[in-house]
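Observations on the model geometry
Each chain, written out:
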Amino acid sequence: MEKTLQNIQKATAEEERMEGTVKNCPFRTKFHIMPPVGWLNDPNGLCQFRGIYHAYFQYSPLNVNGGGGYWGHCTSTDMLHWEYKEPVLTTDIPEDRSGVYSGSALIEDDRMYLFYTGNVKMPGDYDYIDNGRISTQILVESDDGQRMSEKVKLLGMEDYPEDITQHVRDPKVWKEGGKYYMVLGARARSRDENGKRRDKGGVLIYESEDKRNWKLYRELVPEKAFGYMWECPDIFSLKDKRVISYCPQGLETQNEKFQNIYQSGYSFLTQDADPEKTFREWDMGFDFYAPQSFEADDGRRIMIGWAGMPDTADTHRNLSVDNGWQHCLSIPCELEYRDGKIFRMPVREIYGLEWKEVSAENGKLQWNGKTMKLNVSGIGGEKTVIRLGNRENGMRITTEGNKAELSFFNENGFPSRCGGGRGKRSGRTEGRIEDILVLIDSSIVEIFLNGGETVFTTRIYLENNEREIDMSACKNYKIEII
Ligand code: FRU
């Protein structure tokens, strides 16, 4: 307990010390969850509890470049305005001494249950795959979402199947037919036809009658490797479709597929579904990973992702680092199953904000407010170009036919400063592109094509006086700001 308090005090002291610097950063957003200071990654424990939305997140207040140590916490009544609370989990027992890793919330009988992975990396010369790592699944309970009970160990290394390496994490728990299920991301030991080590990503599903005693229910590892590790799995239903969302690592980039270092996407869970054929990426932009979903009280399936990506130091950076923080979460989105795929659109609460329509002279506008919503409609596949920033330093969104491209390359062919090293990403819709919704909240841009059939999420670092939009290559558009 004392260790917990000490850890929380360290975080709070750093938040206070850096408050001025962080607050003055031009890249702070209005409606997106950010770390109060330092680094943020995955959304965790998303839920609605006693009417209030709770979002927890992987949080490293003491190191802007990550390293973990905390679950940050914030609450909201509309999923857009967030109030930051003290961290709720810290590394304070031997089983989680190297990290309180990702996990999920289950609400039952007016009580919150949080499941997460305690990570241990033993000091020494280990590969941290087959040795040197301990992954423990842990439960805490809470009456208010803030104060947590004692940590209870649920599953340890002795409970995982033989062929699974030491990478087992990110419990997502749900209740179904009177039982509890927990899906975990895993890395299975495997060799290819030449006997060469080639691990396979997969998931383990455990079941329980009481949330405390768990036994293995299924091990889902594909026949043919689809990445060497799957992180942050999530299983849920949309209409009568059973969906598995997961983050495979180790897929090779192929043209418009798998353009980022790691991927996040989904498959429909059917018997012998081959991920190679069924996997569809959640997002085609530079910054989307480790999404998690939850069911709101009104039955909506909401998803929030980390608007970031691990291990990008060699390719791009986030310019807010100089102001002591980096990364944010995506806008919460509603998921809907239609025509064999999942559409993802911002929660309807965004329409309740006080948007003001503004007109753009010759299609150009300097937006002084931080947040902008742009709707382009009736496109019919015609070429449309939207530029944020200027020719020297900006990002272009180009759509034509059923193809969309996001490019930070400027007119001289160099990546623009505002992309921090980001280059180009492309994606498609099935039919031609008819409408585009662009949401710009300071340093994050989310682009929804054809009602959320294809989405691009990216960070952009334009200074306030560089926040221009050029719509001269667009026909029907509407710009609103807050
Ligand atoms: C995904 C991830 C998870 C892990 C967490 C640690 O980004 O690697 O698998 O639990 O981040 O912060």
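Each residue is numbered by its place in its chain's sequence as written, counting from 1. In keeping with the predicted nature of the model, local features appear solely for residues at pLDDT of at least 70, side-chain atom pairs appear and are counted solely at 80 or more, and the whole-chain, interface and lining totals rest on all residues. Remark: hydrogens and water are excluded; side-chain values derive from all non-hydrogen atoms of the structure.

Here we take up the nonpolar core. With 49 residues, the main nonpolar core has I33, M79, L80, W82, Y289, F294 and I331 as its most contacted residues. Secondary structure follows DSSP: runs of H or I at least 4 residues long count as helices, runs of E at least 2 residues long count as strands, and numbering of each begins at the N terminus. For this core, the secondary structure elements donating two or more residues are α1 (2–23), β1 (38–49), β2 (52–60), β3 (70–76), β18 (289–295), β19 (301–306), β30 (436–441) and β31 (444–449). It is β2 that provides the largest number of residues to this core, a total of 4 residues. Counting contributing residues, this core receives three or more from each of domain 1 (95–345) and domain 2 (354–481). Not counting residues up to four positions away in its chain, the partners in contact with L80 are K30, F31, I331, V347, E349, I350 and L353. L365, V376, L388 and V438 belong to the second-largest nonpolar core, a separate cluster that totals 32 residues. Working definition of a nonpolar core: buried Ala, Val, Leu, Ile, Met, Phe, Trp, Tyr and Cys residues. They are joined through side-chain atoms within 4.5 Å. Type-normalised accessible area, obtained with a 1.4 Å probe on protein chains alone, sets the label of each residue: buried when under 20%, exposed when over 50%, and partly exposed for intermediate values. Reported domain spans reflect what an automatic or database domain assignment gives. Whether two residues are in contact is decided by their heavy atoms: any pair within 4.5 Å suffices.

Right, let's talk about empty space enclosed by the protein for a bit. Within this scheme a cavity is a closed region of a 1 Å grid, computed over the protein atoms alone, that accommodates a 1.4 Å probe without allowing it to escape, whereas a pocket is open but has protein on both sides within 12 Å along at least five of seven lines; lining residues each have an atom within 4 Å of a point. Grid points are joined across faces, edges and corners, and a volume is the space filled by probe spheres set on the points. Inspection of the entire model under this criterion finds 3 cavities of 30 Å³ or more. The calculated volume of the largest cavity comes to roughly 80 Å³. In this structure, the largest cavity is lined by 14 residues; those nearest its centre are G103, C232, P233, P291 and Q292. Elements with a minimum of two residues in the lining of the largest cavity: β1, β6 (99–108), β10 (164–176), β14 (229–238) and β18. Any residue that is not Ala, Val, Leu, Ile, Met, Phe, Trp, Tyr, Cys, Pro, Asp, Glu, Lys or Arg is counted as polar, Gly included; the first ten are nonpolar and the last four charged. Split by residue class, the lining of the largest cavity holds 6 nonpolar, 5 polar and 3 charged.

Every residue lining the ligand is accounted for by N41, D42, Q58, Y101, S102, R169, D170, E231, Y289 and W306. Between N or O atoms, a polar contact is any pair within 3.5 Å; within protein, one atom must be a potential hydrogen donor and the other a potential acceptor, and residues adjacent in sequence are included only when both atoms are from side chains. At 2.8 Å, a side-chain N or O of D42 approaches an oxygen atom of the ligand. R169 places a side-chain nitrogen or oxygen 2.8 Å from an oxygen atom of the ligand. Against a free-state accessible area of 320 Å², the protein chains account for coverage of 88% of the ligand. Of the pockets mapped on this structure, the ligand occupies the largest pocket. The residue inventory of the shell around the ligand, partitioned by class, reads 3 nonpolar, 3 polar and 4 charged. Residues are labelled near a given molecule or strand when at least one of their non-hydrogen atoms is within 4 Å of it. Residue burial considers only the protein chains on display, and all accessible areas are found by Shrake-Rupley using a 1.4 Å probe. Occupancy of a cavity or pocket is assigned to a molecule whenever over half of its atoms lie within 2 Å of that pocket's grid points.

This part takes up the domain arrangement of the protein chain. On domain assignment, one finds that the protein chain holds domain 1 (95–345) and domain 2 (354–481). For domain 1 and domain 2, the distance between their C-alpha centres works out to 31 Å. Between domain 1 and domain 2, the contact holds 31 residues from the first and 31 residues from the second. Whenever a carboxyl oxygen of Asp or Glu lies within 4 Å of a side-chain nitrogen of Lys or Arg, that contact is scored as a salt bridge. At the junction of domain 1 and domain 2, the tally comes to 4 salt bridges. A salt bridge links D287 to R422; the nearest nitrogen and oxygen atoms lie 3.0 Å apart.

Glancing now at the layout of surface pockets. Considering only enclosed or pocket space, the largest pocket measures out at about 910 Å³ in volume. Surrounding the largest pocket, 37 residues form its lining, W39, N41, W306, P310 and D311 being those nearest its centre. Where the lining of the largest pocket is concerned, the elements lending two or more residues are β1, β2, β6, β10 and β14. Residues belonging to the lining of the largest pocket are distributed by class as follows: 12 nonpolar, 16 polar and 9 charged.

What follows concerns the sheet that holds β31. Read across the open sheet, the 6 strands follow the order β23-β34-β25-β30-β31-β32; overall the sheet is antiparallel. In this open sheet, the two edge strands, each paired with only one partner strand, are β23 (356–358) and β32 (454–459). Within this sheet the neighbouring strands show an average axis-to-axis angle of 20 degrees, counted without direction. What makes two strands pair is DSSP finding at least two bridges between them. With axes taken as lines fitted to C-alpha atoms, and helix axes fitted only over the stretch in contact, angles between N-to-C directions fall between 0 and 180 degrees.

Time to look at the packing of aromatic side chains. To pair, rings of Phe, Tyr and Trp, with the six-membered ring standing in for Trp, must have centres within 6.5 Å; the planes then decide the type, stacked if under 30 degrees apart, edge-to-face if over 60, and tilted in the middle. Enumeration over the complete set of coordinates arrives at 22 aromatic pairs. Aromatic pair Y53 and F294: ring centres 6.1 Å apart, planes at 65 degrees, arrangement edge-to-face. Of this pair, Y53 sits in strand β2 while F294 sits in strand β18, and the two are 241 residues apart along the sequence. Across the pair, exposure class does not vary: Y53 and F294 are buried alike. Plain terms: the ring middles of Y56 and W71 are 5.7 Å apart, the flat faces sit at 40 degrees to each other, and that makes the pair tilted.

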